[in-house]
Structure formats: structure tokens, C-alpha cells
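# A structural walkthrough
Residues per chain, in single letters:
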Number of protein chains: 6
Amino acid sequence: MDLRTPALNNLLDEWLNEDLGRGDLTSTSIPNHNCSAYWLAKQKGVFCGGALVERLFKRLDQSVETTLLITDGSSFDAGQCLLKIKGPAPSLLSGERTALNLAMHLSGIATATAALVDDLNGTGVRLADTRKTTPGLRTLEKYAFRCGGGVNHRLGLDDAAMLKENHLAWGNGISNTVEAVRSTAPWPSRIIVEVETPKQAEEAIHAGADGILLDEIAPDVLQELVPKLRHLASTKSDHKRSRQIVLEASGVDPMNLKIYAATGVDLISTSAPITQSKWIDFSMRFE
Amino acid sequence: MDLRTPALNNLLDEWLNEDLGRGDLTSTSIPNHNCSAYWLAKQKGVFCGGALVERLFKRLDQSVETTLLITDGSSFDAGQCLLKIKGPAPSLLSGERTALNLAMHLSGIATATAALVDDLNGTGVRLADTRKTTPGLRTLEKYAFRCGGGVNHRLGLDDAAMLKENHLAWGNGISNTVEAVRSTAPWPSRIIVEVETPKQAEEAIHAGADGILLDEIAPDVLQELVPKLRHLASTKSDHKRSRQIVLEASGVDPMNLKIYAATGVDLISTSAPITQSKWIDFSMRFE
Amino acid sequence: MDLRTPALNNLLDEWLNEDLGRGDLTSTSIPNHNCSAYWLAKQKGVFCGGALVERLFKRLDQSVETTLLITDGSSFDAGQCLLKIKGPAPSLLSGERTALNLAMHLSGIATATAALVDDLNGTGVRLADTRKTTPGLRTLEKYAFRCGGGVNHRLGLDDAAMLKENHLAWGNGISNTVEAVRSTAPWPSRIIVEVETPKQAEEAIHAGADGILLDEIAPDVLQELVPKLRHLASTKSDHKRSRQIVLEASGVDPMNLKIYAATGVDLISTSAPITQSKWIDFSMRFE
Amino acid sequence: MDLRTPALNNLLDEWLNEDLGRGDLTSTSIPNHNCSAYWLAKQKGVFCGGALVERLFKRLDQSVETTLLITDGSSFDAGQCLLKIKGPAPSLLSGERTALNLAMHLSGIATATAALVDDLNGTGVRLADTRKTTPGLRTLEKYAFRCGGGVNHRLGLDDAAMLKENHLAWGNGISNTVEAVRSTAPWPSRIIVEVETPKQAEEAIHAGADGILLDEIAPDVLQELVPKLRHLASTKSDHKRSRQIVLEASGVDPMNLKIYAATGVDLISTSAPITQSKWIDFSMRFE
Amino acid sequence: MDLRTPALNNLLDEWLNEDLGRGDLTSTSIPNHNCSAYWLAKQKGVFCGGALVERLFKRLDQSVETTLLITDGSSFDAGQCLLKIKGPAPSLLSGERTALNLAMHLSGIATATAALVDDLNGTGVRLADTRKTTPGLRTLEKYAFRCGGGVNHRLGLDDAAMLKENHLAWGNGISNTVEAVRSTAPWPSRIIVEVETPKQAEEAIHAGADGILLDEIAPDVLQELVPKLRHLASTKSDHKRSRQIVLEASGVDPMNLKIYAATGVDLISTSAPITQSKWIDFSMRFE
Amino acid sequence: MDLRTPALNNLLDEWLNEDLGRGDLTSTSIPNHNCSAYWLAKQKGVFCGGALVERLFKRLDQSVETTLLITDGSSFDAGQCLLKIKGPAPSLLSGERTALNLAMHLSGIATATAALVDDLNGTGVRLADTRKTTPGLRTLEKYAFRCGGGVNHRLGLDDAAMLKENHLAWGNGISNTVEAVRSTAPWPSRIIVEVETPKQAEEAIHAGADGILLDEIAPDVLQELVPKLRHLASTKSDHKRSRQIVLEASGVDPMNLKIYAATGVDLISTSAPITQSKWIDFSMRFE
């Protein structure tokens, strides 16, 4: 994760302001001595957010020092000590909740992602996320997804084009719409077409799509379709049209990951680890 | 919810920027005609976020019109139409994801809250939230909690004081710490003391606390403690000390809500509907 | 005062930008050597704003060092040296005006507050401020009021509810309006009702108000009313209704503070030290 | 006043956020019907801030309509109706305090300025303000000063250069410092030199200053000095040196304005109407 | 161009604030009547920025109406009328300079781009821009480049990866570095390798690059290399490695575009239309 | 240049965010070791932007150290080393493009300005810039103009008043319009009148203008007009009217600078070095 962007500093400031409001009534009333604390995992999981915690406390108080005992993406057990922190007592207490909220939420996503990624282990198929993310937390939630072993899909509407049902309808069909996007998008942007039938998938390849999102297509249909699409892509000789095609299945029940993996697609995309996961419980203990 | 704050406008803008980035590559390539759409619930639940959806689309494009068919806090069934929306096709498509993410997340919280509130029905005990909220979404998640029938706890560190274990230790005991906060906090701020033993609870009342958070105290101990504390509070004659005391149980397993409700506390606080809930699935269908 | 909020950093930056504009034409033309200065009080008063001065110069130039010789809330005499400061000459000169403006304004409020607080000395009655504050300076002016010995009233519209004449009229009477607020406000928020007659005051206690603001009620009427209200509050047995009531007199001429204090109210609120005070004169002298 | 700057919109938003915080607990609980109100002057004075009030309510709620019954800079009597306003009751109530605070503060400055300007009536001498302004309110307070009949001095450190004692000392004398500023400042910027002796004043004219601030110089000394300086300026033939000189007296006790006006200076500058004035009392009455 | 992003609104506001500062001294002094104006081209060129002009005036004053007489990307002649505008005289005058500056700068880029694109006419080779753009104007300058007929390269460091000499050196060679990026970047991101020799180019294809930037390679070397690279890419059978390769020449003198186009590359990238172009002169005439 | 304004920090952050977007995909994938680099001039010119480069890297990463080997405003030759820089490799790579873009653009302006200033060498006439600047870069481009030896004209609409054709028409003539501005503008603001005929110029002097912008008036007409205007100004005895007049020629072809300089005007203003200049090419080389 690229923690250096000034944009992230602003987010951290806003989150602190959200909790501090017009000032912490309680913590500013206690003596300003230094103290130490550590974070304890109350359940097992995959960690995410260490560097953010460090940075968040620094935004509140330059003198707080954090020592990370685990790297993002590593597993931890219940009872494991995750990080140590020291600094002025009021600052540790005032930043505690915001820092925990952030890391517990992100670790929940990393943990849920890792569970699904395990199911795909050995298949060569990768798990991808979606744009279903909590408003304001897109890049961090996608980072957590990656810490859990997944691969990120596009980060927003501006780094890759995806043509859905309505784009295709209003853009006057697959071929015209792909052409319209190709003519205005930066050349490195990949163009992905979402289809619901084998016929649309073939049309998308003819139109020169770089990726096909195969939405809610049954595994047995996919099994047959995937090699056909790969062959079709590779025999297209036109320069402008993509011969390397990325095939992605979506609308997949997490229970059926292995069955879909066997169809030969490159990716299975799912929003579940972000929209259906629970926070992992950490506790900040003072010494 | 107070939707008029300029602060909320900034949040809506940031969320749109998060997804649009340097501009939507796909939707700006299709013709700019007007179209209509509606939102369909794919599972049942309690709705939250209607006015936010309306406002979000307005921030993106003044000409988008939204008609809400359900009020925040109302229940809906799977298959129910929740709202109608019309405007330029590119604007509906570009705002779709952010608007859905927001409403699906908040409705997930409202729905999970309502399930727990049902358990307390008829007991006179209220369910309260905590400060465990997703960074950046505090006021909205607390609003969703209220839509589900809960009552909000303090909104941040600045509208009520809560003295926890470490404040009390470093502030040199319950009595001194309460006094220190009382002397600097605005007079309307309530002072709440978190305790883990009956003895601490009594001390807090002597110190003049306005509320006692009884953390992880067994129901049978509470049963006996609650009337004792109420009596103690009412017989304190000193002006400065609170005689109306709010008793709140925390650290309660959601399975045991009724048992705790029977102890006579005023509130049971829980972070579960915010940190452990799943998004409710909505779909935006174009006509 | 909680100086750690990122929100305060932004205010300090804006105030510097307000004066610096597109850049200080004069001070950037002189040699960049280090120099020392001190602040001299040109009249006596109560000091406020030391830490803000320190922080303001740091925002302009990290290398400026400030040494405070007096704490906020302490009295000073004419001719007393208040703080010492050293750093690059252009930075001391460019920040001088903004820093002085801030501290002179706040010290004016602290000084005016202290004069009134002196009048209440020994009565047990506290002086409270209002929401009449200069736009943009609310928390700092309220902090200055506290430095002068006063107690803060609510900080804004969101940390306590106050029902005034029009809320009560449009909310359909005291009882209904208090109920409406109680059902949506966070539970730690106190509900205060502003009344102009003894009858309304009693009604507010029946409705379960936590505080009564007794506006423009004559001292002799108050004298009789106060014990009656306290009795009424203490005999109300209903759980939901407040038995500890805070009684506050407003609309009091500062000349009559002692007379009002004798009526037994808890607080007398006044905007005078914030809206009617004059700046205290300080001078920054270079060595 | 130029109300169109996007910068002003941000200020208005911040001021509303300052009071609304996480949302108005009280006003959002009452029914959302339309209502009317008017502003009543409770004492006489000179009005300032009408357009700001109108704009502030619009930022909170587009549907609020304000009708101004008095223009900025006009006098009003106690009991006079200043403006009418209508819109949703919660919006009028939530914006009331911030709008009143702004207009009462600015009208206080306009009124205090007008009193001093009256003293100079018929003398041809103008009253000028200084950079002693409340942080965050510089342009508005200077606008209020103008509404009271004064003329503004420079708006900040960047639109005119003023060389004070320390600039001159560290810049190696009047002549060198004026030269240094002249070589980097935009050509339309006037260069003003603050002096404390007749000798320095003459030196400043030789150096080519555009204005001389005569600080704490006795009226009898000024009487003699002013014509001498004007003559000196007019006989300097060098192109680069100013022959039109603006002479400004400062450090003048407001009681002695007429005596100083008689010395022939162009301007008398004073911070008093901004730093020593009191708010004028207005009341918002609902119909 | 996607004009709907809230981020663009902020930029427009900042640009207006930059010129207006504390308020337009001149235009606010003239009567506030309505007037009409039009824009006249003083030289021929390709237009860019119409919608921005419209939006900019709206940010300053909602009542200004702009009618565009030419679309972005169209050619115009000297003396042609480009747009009409009407509204309050002070608003037209205050926004005039900022609007003209924006459109004249962007039209300069569109015009310079179109001149080079003409040279490539009929070759099938596209002209691409670079990240050499004026700070703060990246998306708008790239939009102008597209209006001139060019195709955009990546918009920033986050929508495509480009490995340059130092990335490759410090990342331990082409193969390792490509692999490192592939494992963390979102899957739709293309990976481009910048090379200076044929050997490096082949290595990059083996490593699975999606694009090769052939920097400062002589046309005759390219002529031979291009088909070789295409063949190599198409015979790579590994799934993960790209078989469709985009070949881009850079470091090309604009005089030699045709020679390079003949080598069979897909793209020629150049910063010249953005860094070496002059503004096109427009005049705003009042009626 | 005044680099201390918090406003500049925000600009630097925005420019970094513009390029980094959601994070640098490439540079964050390479090892985080320290490295050194230097900047090489690829053509000769006049340097501008050193301190900005230093500050920009610091905003991205506090640990980057820059050593400037040339001061702003100094000439350099092709092949000259301009600055040295060291720090973490990913930070040097991620900030490289933005820093170079800034310095190359500004040095282009400084270089173009210096070429014209050379033409005026020995004439005593100064070259002034205009408000034709790239949106968002006004103060920096004007600083670059000064580094090239020019003198800045007003920085915006708020630090000096300039009355153009339409102001004069709508303000009801020169005399009335000057008077209207004089009555509301701060007294240190100069009032400049743009004229196109000798008659208007004389009228402007009668009206008390501080400067006359003589637009598109032929050199031979100017030759005669200039001494006449100076005489007229000096013989005006009225106090309020300016006797020192600044005469500025505009609409001058850069080829004819010397001819215009001979007419005796004080200034010749031109936008050419800002709107018609090309970037100077620098290269960042890693060691």
C-alpha cells in the first residue's frame, strides 16, 4: 500500500476529527505522563493495517512511537501480541478507538478473504474483489483484500472500463460501445465486457474486449465456453483486437468456488469478504 | 438525521471522487439521454439511507430526480421496490455503485439492530450502540442503528465523558478523576464511569457520576446490584452529585439480551449490529 | 483545551493564509537571520492563548521556539513579560500580528470573565457562557471563558438539546417536544427547556427535562420558585424523568449577579464576556 | 463587499458546521413546516452583514428566503425591523444563532467606526483601520469598518508593504530596506514606512516611500512636520521616488481625533472600532 | 471529459479564488446590470475548454448563461465567434481572465497536437502524450491532447505501471520487477517496460510485459525489431504472459514522425504539444 | 518567494495527489533502499524552482534531502548539474516527474523573461507581467517572471484596481469610475486606468489615476504623449489626485521593445514569457 499520498493524511485527520470533535473531554483531564500499551488479538485471523495505526497516532501526536510485531497479511492466533505503542497517556487513549476500528475492520476483511483464497489453493485461479466497498474506504479495503491473498480488480471508474448491460444497450450494442470507449480512454486502460450468455461473450471477443466478465453462467456451460473463447481470441489476427483475454466468473456462491475454479476461468470475483465480513476483535492493553 | 450540514456535502463529494477518480471512462462514452431506474430489494430487511441516496445523486448531477417509496426505519420484503430515480443515463450509471454501497451498508446495520431490539420488546430496556464504527461513517452508522430501533450512545469523545480503567488509574482514582472532568467539561456533558465490580459502581455514585457502565458483570450479580445503586443514588443529598443515574450493561452476548434485560438496567450497549452485520442486497434496475 | 485536533491545525493555517495572502512583501525582503523577542503586557488581565501562539508559529516555521512564562488562566500585571520567542526574523515578523490578535482577543475574554466570576465568589453559583460567539472561534472563546473561571454551556447544537419558545410552540407543547427530542437524541445528551414563567418551569420538570433555563424572571419570583422546582424534581419517581435538575438564570444584568446568585440557582449564564469585552493590549518587543 | 468568492462559501460552511456539529438535536425533532420571522434591533446603530445573513441561510437550506429592509452602512433605531426571513422552521432555528452572531458582531464594528468618523466630519481627514482583526474575519471586519464610514488600510501582508522598526533595523536602514522591497514587490504595491521621529520621516521620503505612518508623534510636532514633508516630497524630482505622499497618524487616542485631524495628515489609523467595540443586540422574532 | 467530478468543482473554485483574492476591487464598483459578450478567435486553431468556461462562470455566479458555438476538438478560423455569454456585468468582468486563461492554454495544446496528428494521418500509428504536464492541470491537458486527435497514455502512477531504468535496476532485473508489480497491482493494470536495446525488449516480452516503450532507438533498428517482437509475443504460449503487445516509440523528434511511423510501432509518444505549445489568442468582446 | 504560506503546502499536496492517485503501482514494488540522484540541464537557461523542488519531496517523504547547486534566477549551461538529492528510492522515483514538471515549466518562463529583459538593458524601462497565467500557478509563474529579471504587475483583482474599457463604459466615464473605486478600495491600492487614446490618458490623470496603461498606442504618439502626461500629473495640485504617475505601454510586439523603451514609459507589460514560452529540459539521473 502506498502510505505516502497526502490524500491519505487528510483521511486520517478526518477520522480523528470525527471522534475528537471539539476535543476529548475525558483524556485531556488526566495527567500528561508517558505510558506503554500493546494490542492483543482476541481471536485468530489475518492482520491488516499496522502501518495505518502507526501513522494515525503520529497525526494526533508526533511523539507516539509504535512498534509493529506482525506484518500485514500474516496470520495471528488468539492471544497473540500484535504491536506495542508508547507515548503520552492522553494521546494513546484518544487515538485508541479510531486506530482499533480501522485495524479490526481491515483485519476482518483480510481474514475473510484468506478463507476463500484457501479454497482456490492449487487451482491457479485467483480471487478478485469488486467496487462494492464502504464509502470512503475503497483503497484500504482493497488493500486488505490483497493482504488476504486476493488480487484487486479495478480501483474505480477511471482505471479500467467495464461495460455492463445498460452501457451496451444505450451504447447501441457490444461492438459500438467497445469502439466508443476505445476511442476516448487512455490506451493502457483495459476494456472489460460483462456478459450473461455465450453468444454475448463471443461478440465481445470479436469487438476486441480485453476481459470478459461471465456473470451468473452455470459451471457446465462455462466448462465448454472457456476453451472456445480462448481459441477464438487467439485466432483473431487483427492488431487492434485483443488476443490475450482475461476470463472472469462472477455471481458465484462462495460455497461453489472449487467447482467454478475447475472451469478454467482466470478469476472469480466476489464482494463477500468486504460486504459480508465481521470485524476481528483486538484489545489495547495498558501496562 | 440532520442532512443539512455542509460537512455531509463534503463527505458525499469525497465518496463520489473516490469512485470517479479522474473520470468515469465507461459511462461518459454512452449517449447522454434520460432514463429511469428503480431499486429492488433482493432480501428482506429494514431500510436506511434514502435521503442520502437522493442527495448523493444531486451532488453528481443536479438534474437527477429521486422518489423514495419507503422511509428510513421501515421494513421491506424481498422483491419490494424501494425507490425510483430518473435522469441522464451517464449520471445514473456513474452514481449507482456509490449510492448502493452506502444504502446497502446502512440497511445492513438497521436490519441487524432491529433483530436485537425485537428481543428487548416489552422489557423497557433500550439497546445502545458504541464508538466502534467504521472510520468516516460514525454519524451515519449511528443513524442506521437508530433506524433499527436502538438509542445512540455518545457520538464522540466530546459530547459526553466516559472514564475507563486507564483514565481512573492515571487520574488517581474514581473520585479525583470525576472531579477533574467535572471542572473542565461543559456542564451539560454527562459523566459516565466504566466499572467492573460492585464496589467500583458504588464509588462512582459517591463521586457523582451521571451514568455507570457495568462491564462484564454476571446477570445474577447485576440483579442484586441495580436496585442497590438506584437507592444509593436517590439518597445522596449533595447538589453536585447526580441522583438520577443511568445504568448500562456492556460485554453482553447478544444471545443473552433478555436475561440481562431482566436485571433492571436502563440500557444494554453492543457494537454487534455495526461491526458484525452484513450488507443487505439491493439491485438497481433500468427500465 | 485539546490542541491536538487536526481541525485546529486547519484553522491556524487559514488564519496565517488570511494575513500572508500571496506572500509577505515586507518580511521576505529582509535578511533571514535568527532573532529573539518577548511579549509584554501593556495592561493587567488574565492570560489566554499561550499554547496557540506556540502552535501558530510552528505552522508557519518549524524552527521557531516559544517559551511560555505564564499559564493560561493566570493573572498578569501591566509590564509583565508573558513569553519569549526566537527564530528566523522574517518568520517572527510575519506571524506576529496573527499571534497577537489571537491572544489579545482571548485574553480580553478571560479577563472580562474573571471580573464577573469574582462577583460570584463564595456563592457556589457558577457563571456559564452561551452560543453567542464570534463565527469560527467558538471553541477557543469558550476555552477563554473557562480560563477566566467560568463553566462552559453546550458547545453547539449537537451536544445538548435546548428547547426554546419556538421549538415548544411548533413541537406542540413542552411535554411533546421533550418526548420528541428524547426519542432521537443520544441518551447522554441533556435536555434543557427555556421557560419564562413558573408554570412552564413546573411543566418542564413534569416532562422530564434535565435543566431549566429561567429567562428574565425577577429575583424575588426566582427565590420562591427554585426550592419548589427542586422539591418537585426530587419527588418525581418515574425512571425516565430527571430527578436531578440544573437550574440556570439568564437575561441577568451583570450588575445584579449577586442578587441572582442568592436565589439558589446553579448557574447564571451570560454572553457579556464574549460579546462585550475588549482586547487586552500586548506588545511584541524584539531584542 | 465581494460576496462571490468561493472562499467565502467555505467560511460560511465552516461557521455552520461549527454550530451544527454532528447535527442539531433540537430543531430536527420539530415538524418541518414553513414559518416567517423578522429581525428586530434592540438598540440603535449602523447595520452591517445583511447579504451575509442571506447567503448563510442559503448554504444551510436553499429554500430559505431573506428580504433585507436596510442596507449595509445605514443607521437604524432601537425597535426597527431589519430584515424578514421565511422558510422551513428547523432551518430558521438552526441558522439563527450563527447569522445573528455574525451580523451583531459586524454591526458593532460599523457602529463604533461611525462614531469616530463623525468626529472627523468636515476635516477631510479619513479614518483607517489596521491589521488588528479577529483571526478568520479580516475581510468582513474591514468591510464593517467601511460600512461605518472608514477607509481600509492594507488587507494583509501581501497587498502593500509596511516597514516597521525591526524591518528597518534588520534591513540595514530606511534607504536599503525600501530599495529591497521595491526590487521584489509588484510595482502597484505601495511602500509605507513607519517612523517615530521627524528625521526618520524625511529619510523615508528621500528613500521614495509612498506613505509615512507617523506613530505616536505629538500633535504640535506633527503640525510643523506635515507641510515640511509634503514640500520635500513634491520637490524630489527623481522618477523612482514618490512625489505624492500619504501621511498617516497612528497611536492616537480616540478622544483626540480632532486635534490630530487639524495637523493636516491624510489619515488617522486606529484599531479601536474592531478591537474595542461591543456587539449590537438584535433579536430574531418568529411570527 | 468527465465534468461531473466534485474534484473539478474544487479546482474551478481555487482558480477563481486565485484571481479574486479578497475580492475584485474594480468590478464590484460598477453598476450590477446585465450585459452580453462573445469570444472572438484572434488566430486559427483547434478549440478546447468550452464546457469548462461555462462551468467556471456558474461557480462564480449562478445567473451567468453561456452558449457554446463550437464543440471541443473542432477547428476555428481567425475572427470566428466561439461562444456567447450573458449575465451581471461584474461577474462577466471578474471571471473573464480566468476563463480565457484556461481556454487559451488548452486550445494551444489541442492545436499543437492536431498539427502532429496530421503528420501521422493514414499511417495507423497514434500519437500519445506523457506525464509531462503542468502541475494541477493533468486531466485537462490530457483532455486537450485528445481534442487535438491524440490518444492518452496513463493518467498517473496508479492506472498503469511503467518500469523504467531505475525500477529495473533496483528491482533486480526485468523479470523480477515485472513479477513484483504483477503480484500487487490490480489485474486490469497494464505493465509497460521502458527499454533502450533490442535485447531488453525481448527480455520484457519473456517477462510478460503488456507494452514496450522503445526509447531513443533508431528507426532502422526499430524497423527490424518490431516484427521480431510481435512474433515473439504471439508464440509465447504461457497464459500469464501477454501475447498482445503494444509497441511505443519515444524520444522522437517531431520532425521525424513519419519515419518512425513507418517502423510499424503502434504509438509514438511525445510531450511536445503540452510542454512546447503556445497559447492561442482569444478576446472577450462586450456588446 | 514566500514559501511559508500554508496555502502553498496544499498546492504541493494536490500536485502529488494528482500523479500518485490511489498510489504508485510501480515504485512501491521495488526495494526501499536509499539512493542518490542529481539534476542535469539538457539546454541552457535561467533557473527557477529550487526551493519548491526541495519542499515537494519533503511533503512526499520527510527523509528526502535536497542540495541546491544553483540559486533561482541564475543562468546555467547545458550539461550543468543543478541539484543533488538523496532518499528512499521509491520516494525519489514517485516525486521525480512532478518536481521536474514544476521546475522545467518555471525555468522556461524565467529563461524567456530574461531574453526580453536583456533587450531593455540600460534603458531604465522595466518589463512587467500580466494576469495571463496558467490557472492555479499564478504566484509561481509571477515569481519565475521575477527570476528572469522582470517586475510583477498586480497579483490579482484585489491588490490593485485596473479600469478597462468596459468598467469605464458601465461606470459612466473615467472620472466617475475612478471615484467609485477610490471610495471603496483600501487606500494603499493603486488605481490604474487602461486607455487607448491620448485624450483618455489626460482624462485619467485629471481623475486622479495612479497609473495609466497605454494600450496599443504607436511609439511616435507615445513619444509626444509621455512628457505631456508627466507634466500634467506634476502640476495637479489637488491632494486627492496622484502627482506621481506610472506610465505603462502594453500590446507591444516583443520585437519592438527597444522602440517602445525609447518613448519614456516606465514599464512595458507583456504576457509572452508566460503564455508563449517552452519548458526547459532537465533530466534526473540516478547514481
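Residues numbered from 1 in each chain as written. Chains lettered and ligands numbered in written order. Predicted model: local features only at pLDDT ≥ 70, side-chain atom pairs only at ≥ 80, totals over all residues. Heavy atoms only, no water.

## Regarding the overall build of chain A
Helix and strand counts for chain A stand at 10 helices and 12 strands. When its C-alpha atoms are laid out on the principal axes, chain A stretches across 75 × 40 × 25 Å. A burial count over chain A gives 63% of its 287 residues as buried. Taking as baseline every contact in chain A between residues at least 6 positions apart, the subset at least 24 positions apart corresponds to 71%. Distance between charge centroids for chain A: 3 Å, based on 30 positive and 35 negative side chains. (Helix = DSSP H or I, 4+ residues; strand = E, 2+ residues; numbered from the N terminus. Buried < 20%, exposed > 50% of the residue type's maximum accessible area, 1.4 Å probe, protein only. Contact = heavy atoms within 4.5 Å. Lys, Arg positive; Asp, Glu negative; His and termini not counted. Charge placed at Lys NZ, Arg CZ, Asp CG, Glu CD.)

## Looking at helix H4 (residues 138-147) of chain E
Residues and elements named next belong to chain E. Most of H4 is tucked away: eight of the 10 residues are buried. Considered for burial, the residues of H4 that qualify are Arg 138, Leu 140, Glu 141, Lys 142, Tyr 143, Ala 144, Phe 145 and Cys 147. Positive backbone phi, at 105°, marks Gly 149, one or two positions downstream of H4.

## A few points about the interface of chain E and chain C
The partner chain C presents four residues to the five residues of chain E that form the contact. When chain E packs against chain C, close to 210 Å² is buried across both sides, 15% of that on carbon and sulfur atoms. If you sort the residues of chain E by the area they bury against chain C, Glu 18, Gly 21 and Arg 22 of chain E come out on top, with a joint share of 93%. Between the two partners, chain E and chain C, sit two residue pairs in polar contact (both at pLDDT 80 or more). Tallied by class, residues from the side of chain E that touches chain C come to one nonpolar, one polar and three charged. (Buried area = accessible area lost by both parts, 1.4 Å probe. Polar contact = N/O pair within 3.5 Å; in protein donor to acceptor, adjacent residues only side chain to side chain. Nonpolar A, V, L, I, M, F, W, Y, C, P; charged D, E, K, R; others polar.)

## What to know about the relation of the copies chain D and chain C
Both copies of the chain are placed relative to one another by a rotation about an axis and a shift along it. When chain D is fitted onto chain C, the two copies agree to an RMSD of 0.0 Å after a turn of 180° and an axial shift of 0.0 Å. Viewed as a symmetry operation, the transformation between the two copies matches a two-fold axis. The C-alpha atom lying nearest the rotation axis in chain D is that of Gly 136 of chain D; the distance is 3.4 Å. Of the interface residues in chain D, 100% have counterparts in chain C that sit at the interface too, so the contact is made through matching surfaces. (Least-squares fit on C-alpha atoms with pLDDT ≥ 70 in both.)

## A word on the relation of the copies chain E and chain C
Overlaying chain E on chain C yields an RMSD of 0.0 Å, the required transformation being a rotation through 180° with an accompanying axial translation of 0.1 Å. Interface overlap between copies is the fraction of interface residues in one copy that are interface residues in the other; for chain E against chain C it reaches 80%, indicating a shared surface.

## Overview of the side chain of Thr 133 of chain C
Examined against the element boundaries, Thr 133 of chain C turns out to sit in the loop between strand E6 (126-128) and helix H4 (138-147). What makes Thr 133 of chain C buried here is its relative accessible area of 1%. Setting aside anything within four residues of it in sequence, one finds Thr 133 of chain C in contact with Arg 138, Glu 141 and Ile 274 of chain C together with Asn 101 and Trp 279 of chain D.

## Some details on unusual backbone geometry
In this structure, Asn 172 of chain B is a non-glycine residue whose phi angle is positive, near 75°. Mapping Asn 172 of chain B onto the fold places it in the loop between helix H5 (165-170) and helix H6 (174-184). Taking the relative accessible area as the measure of exposure, Asn 172 of chain B reaches 58% and is therefore exposed. The residue Glu 216 of chain E is not glycine, and still its phi comes out positive at about 50°. Checked against the element boundaries, Glu 216 of chain E lands in the loop between strand E9 (211-215) and helix H8 (219-235).

## Here's the deal with the environment of Asn 9 of chain E
Residues and elements named next belong to chain E. Mapped onto the fold, Asn 9 is located in helix H1 (residues 6-20). Look at Asn 9 and you get buried, because its relative accessible area is 13%. A C-alpha to C-alpha distance of 49 Å links Asn 9 and Glu 224, two positions 215 residues apart in sequence. In this view, Asn 9 contacts Arg 55 and Arg 59; residues no more than four positions away in its chain are not counted.

## A look at the sheet that holds strand E10 (residues 246-250) of chain E
Residue and element names in this part refer to chain E. The parallel open sheet is built from six strands, whose spatial order is E6-E11-E10-E9-E8-E7. At either margin of the open sheet sits one strand with a lone partner, and together these are strand E6 (126-128) and strand E7 (161-163). Direction aside, the axes of adjacent strands within the sheet are offset by 25° on average. Examined bridge by bridge, E9 and E10 share five bridges and lie parallel to one another. Opposite Ile 212, over in E10, you have Leu 247 as the bridge partner. (Pairing = 2+ DSSP bridges. Axes fitted to C-alpha atoms, helices over the stretch in contact; angles between N-to-C directions.)

## Section: helix H2 (residues 50-60) of chain B
Within H2 of chain B, burial applies to Gly 50, Leu 52, Val 53, Leu 56, Phe 57 and Leu 60 of chain B. Looking straight down H2 of chain B, one finds its buried side chains confined to an arc of 160°; they lie on one side. (Arc of directions from axis to C-beta.)

## Topic: the interface of chain D and chain C
On the chain C side, the residues contacting the 63 residues of chain D number 63 residues. Summed over both partners, the interface of chain D with chain C comes to about 5200 Å²; 60% of that surface belongs to carbon and sulfur atoms. Looking at the side of chain D facing chain C, the largest losses of area belong to Leu 25, Leu 157 and Trp 170 of chain D, adding up to 16% of the total buried there. On the surface where chain D and chain C come into contact, there are five salt bridges. Between Asp 19 of chain C and Arg 131 of chain D there is a salt bridge, with its nearest N and O atoms 2.6 Å apart. Linking chain D with chain C are 28 residue pairs in polar contact (both at pLDDT 80 or more). (Salt bridge = Lys/Arg side-chain N within 4 Å of Asp/Glu carboxyl O.)

## With respect to the sheet that holds strand E12 (residues 282-286) of chain E
All names here are of chain E. Pairing is antiparallel in the open sheet, where four strands are placed in the order E3-E5-E1-E12. A single partner strand is all that each edge strand has here, and the edge strands are strand E3 (65-68) and E12. Here the average twist between neighbouring strands, direction ignored, is 20°. Relative to strand E5 (residues 81-88), E3 runs antiparallel, the two being bridged by four bridges. The partner of Glu 65 across the bridge, within E5, is Lys 86. Packed on one face of the sheet, helix H2 (residues 50-60) meets strand E1 (34-41), E3, E5 and E12 and runs near 175° to E3. Set on the sheet, helix H3 (residues 89-120) makes contact with E1, E5 and E12; between it and E12 the angle comes to about 160°.

## Here's the deal with the domain arrangement of chain A
Taken domain by domain, chain A comprises domain 1 (7-118 + 277-286) and domain 2 (160-270). Each of domain 1 of chain A and domain 2 of chain A has a C-alpha centre, and these two points are 41 Å apart. (Domains from an automatic or database assignment.)

## Section: the packing of helix H1 (residues 6-20) of chain A against helix H3 (residues 89-120) of chain A
Residues and elements named next belong to chain A. With their axes 10 Å apart at the nearest point, H1 and H3 run at an angle of 125° to one another. Judged by the angle between their axes, H1 and H3 are oblique. For the element pair H1 and H3, the recorded crossing hand is right-handed. Taken together, the residues of H3 that come into contact with H1 (itself represented by Trp 15, Asp 19 and Leu 20) are Ser 94, Arg 97, Thr 98 and Leu 102. Partitioning the contact of H1 with H3 into residue classes produces three nonpolar, two polar and two charged. (Parallel < 35°, antiparallel > 145°, perpendicular 65-115°, else oblique. Left-handed = near helix turned anticlockwise from the far one by under 90°.)

## Details of the confidence of the model for chain A
Counting all residues, the mean pLDDT for chain A is 95, and 97% of those residues have values of 70 or more. Predicted as a complex, the structure gets a pTM of 0.96 and an ipTM equal to 0.95. (pLDDT = per-residue confidence, 0-100.)

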